[in-house]
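Descriptive structure summary
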Amino acid sequence: MKRPTILVLGAGYGGLTTIVNLQKLINTHEAEIILVNKNDYHYETTWLHEVGAGTISPDKARYPISKVINDNVTFVIANVENIDVNKKKVETSAGEFTYDYLVIGLGFEGETFGIPGLKEHALSLTNINTARQVREHIEYQFASWILDEVKDDSKLTIVVGGAGFTGIEFLGELGNRIPELCREFDIPQEKVRLLCVEAAPTVLPGFDPELVDYAQEQLRKKGVEFSIGTPIVEATAEGVKIKKDEGNTEFIKAGTVVWAAGVRGNALIESSGIESNRARIAVHEDMRAPGFDDVFIVGDCAFLLNEETGRPYPPTAQIAMQQGVIIAKNIKHIMNDEPTEGFVYDDKGAVCSLGQEDAIGTAFGRKFTGKPASALKKVVDDRALYLVGGVGLTLKKGKFKFI
Ligand SMILES: Cc1cc2nc3c(=O)[nH]c(=O)nc-3n(C[C@H](O)[C@H](O)[C@H](O)COP(=O)(O)OP(=O)(O)OC[C@H]3O[C@@H](n4cnc5c(N)ncnc54)[C@H](O)[C@@H]3O)c2cc1C
């Protein structure tokens, strides 16, 4: 009898966790396991704010996928170009694939909510290359300011759109990096402006208000200004227009605009033949797509309601990894004619960094701030490495400067 083919698309947190669990559960006689990813490396998406600010190198935040897969898996480096679940076909730059079980883990894209000019003029922290571009762009602005005969200080203004997790973590890193850059480029630090613009009335929605106050205070000390409840309504090559009270607008001239306010699923989902909303698929609790029992969705492409709160689970690495474990188990269950398991979220808490030595977080039913929270964040980062690549990968790529 022909072995079934398990095709996994994307080697992010969700896809790679699915793969490392599948390779433990299923041997080559039982099924052919194929992983397709556009790069030969996995990058730690949760470290992209550090790459973007330049506090770690892009290489620190990535590792070769070959280091964590074994001979049970065929790894194809290719760009997925089209998914058709009705024909059970996936087109890629390396040819066409068919499958018996499909796992879609192609991650997120920035959501610009149709705001004019953002797509064209704002940078983003979406993958390792866009994060590298942010870093290079900021350095270029600093390098060219010093050469300009007539100085335009707006070159040194950095606007971050969004005061959610990504925006706040990025601003925290910039708080560390800007003084270094100013020393490197001989620029007086008071010339640099760091501005966080948020449409919602609060910073870090969902976080404990006491921790949010702490975060804002610490970032202010690092020179961050906040403009809250003031949506960006347009971006141009020169900066952003924000809406203030009573419909008034203000134009902020800025050399760098980084959009960090909202994500949607991968656009390929929208033409796959499965119903979706903002490219996210409302999955059954065993992580299968509605109407397609052979298709699983993992990570930021999946939409799942938390029955307890009535609200959707947020798109996080923690959740993507837990879903990957369940999907691998469920594929094995189906192959054994056993019932599948439902996804049950094991909430380990959340930690938001505020730079290299500061953070806020909740874990073990307690609140943390400052260095203890920052140490916790590094433990979280190291744990993610350990779960995918064991001790070897953790020792090679982990963060061990705890104090
Ligand atoms: C700056 C930042 C900080 C964050 N901090 C945290 C945090 O502290 N904690 C937390 O839990 N979450 C955090 N998140 C959210 C978290 O990173 C995401 O929820 C998580 O990465 C989702 O995992 P995923 O597997 O769905 O997608 P990803 O990890 O994004 O992986 C998608 C994979 O698919 C590949 N791919 C995409 N398109 C194609 C294609 N067409 N062909 C082939 N391959 C393709 C990509 O190369 C990538 O390898 C953060 C996100 C950002 C941006």
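The rules behind the values
Residues numbered from 1 in each chain as written. Predicted model: local features only at pLDDT ≥ 70, side-chain atom pairs only at ≥ 80, totals over all residues. Heavy atoms only, no water. UniProt positions renumbered as here; feature names shortened; annotations may be inferred. Domains from an automatic or database assignment. Phe/Tyr/Trp six-rings, centres within 6.5 Å; stacked < 30°, edge-to-face > 60°. Helix = DSSP H or I, 4+ residues; strand = E, 2+ residues; numbered from the N terminus. Buried < 20%, exposed > 50% of the residue type's maximum accessible area, 1.4 Å probe, protein only. Lys NZ or Arg CZ within 6 Å of the ring centre and 35° of its normal. Contact = heavy atoms within 4.5 Å.

- Going by an unreviewed UniProt entry, the chain carries the name NADH dehydrogenase-like protein and comes from Solibacillus isronensis B3W22.
- Its UniProt record, at the heading Cofactor (unreviewed entry), says of the chain: "FAD".
- Annotation of the chain in UniProt includes, under Sequence similarities (unreviewed entry), the sentence "Belongs to the NADH dehydrogenase family."

1. Some details on the domain arrangement of the chain
- What the domain assignment lists for the chain is domain 1 (5–38 + 78–110 + 264–347) and domain 2 (118–261).
- Put simply, the middle of domain 1 and the middle of domain 2, counted by C-alpha atoms, are 34 Å apart.

2. Comments concerning the packing of aromatic side chains
- What the rule picks out here adds up to six aromatic pairs.
- Each ring, one from Tyr-313 and one from Tyr-345, has its centre 5.4 Å from the other, and the planes form 80°; the classification is edge-to-face. In this pair, Tyr-313 sits in the loop between strand 25 (311–312) and helix 7 (317–335) while Tyr-345 sits in the loop between helix 7 and strand 26 (350–353), placing the two residues 32 residues apart along the sequence.
- Relative accessible area serves as the criterion here: at 22%, Tyr-345 is assigned to the partly exposed category.
- Through a chain of ring-to-ring contacts, three or more aromatic side chains come together here, namely Tyr-313, Phe-343 and Tyr-345.
- Taking NZ or CZ as reference, Lys-151 lies 4.8 Å from the ring centre of Trp-145, over its face.
- Here Lys-399 stacks its cationic end above the ring of Trp-47, 4.0 Å away from the centre of that ring.

3. Comments concerning the environment of Thr-157
- Along the chain, the position of Thr-157 falls in strand 12 (residues 157–161).
- Remark: the alpha-carbon pair of Thr-157 and Ala-289, spanning 132 residues in sequence, is separated by 44 Å.
- With residues up to four places along the chain from it excluded, the contact list for Thr-157 reads Arg-193, Lys-253, Ala-254, Gly-255 and Thr-256.

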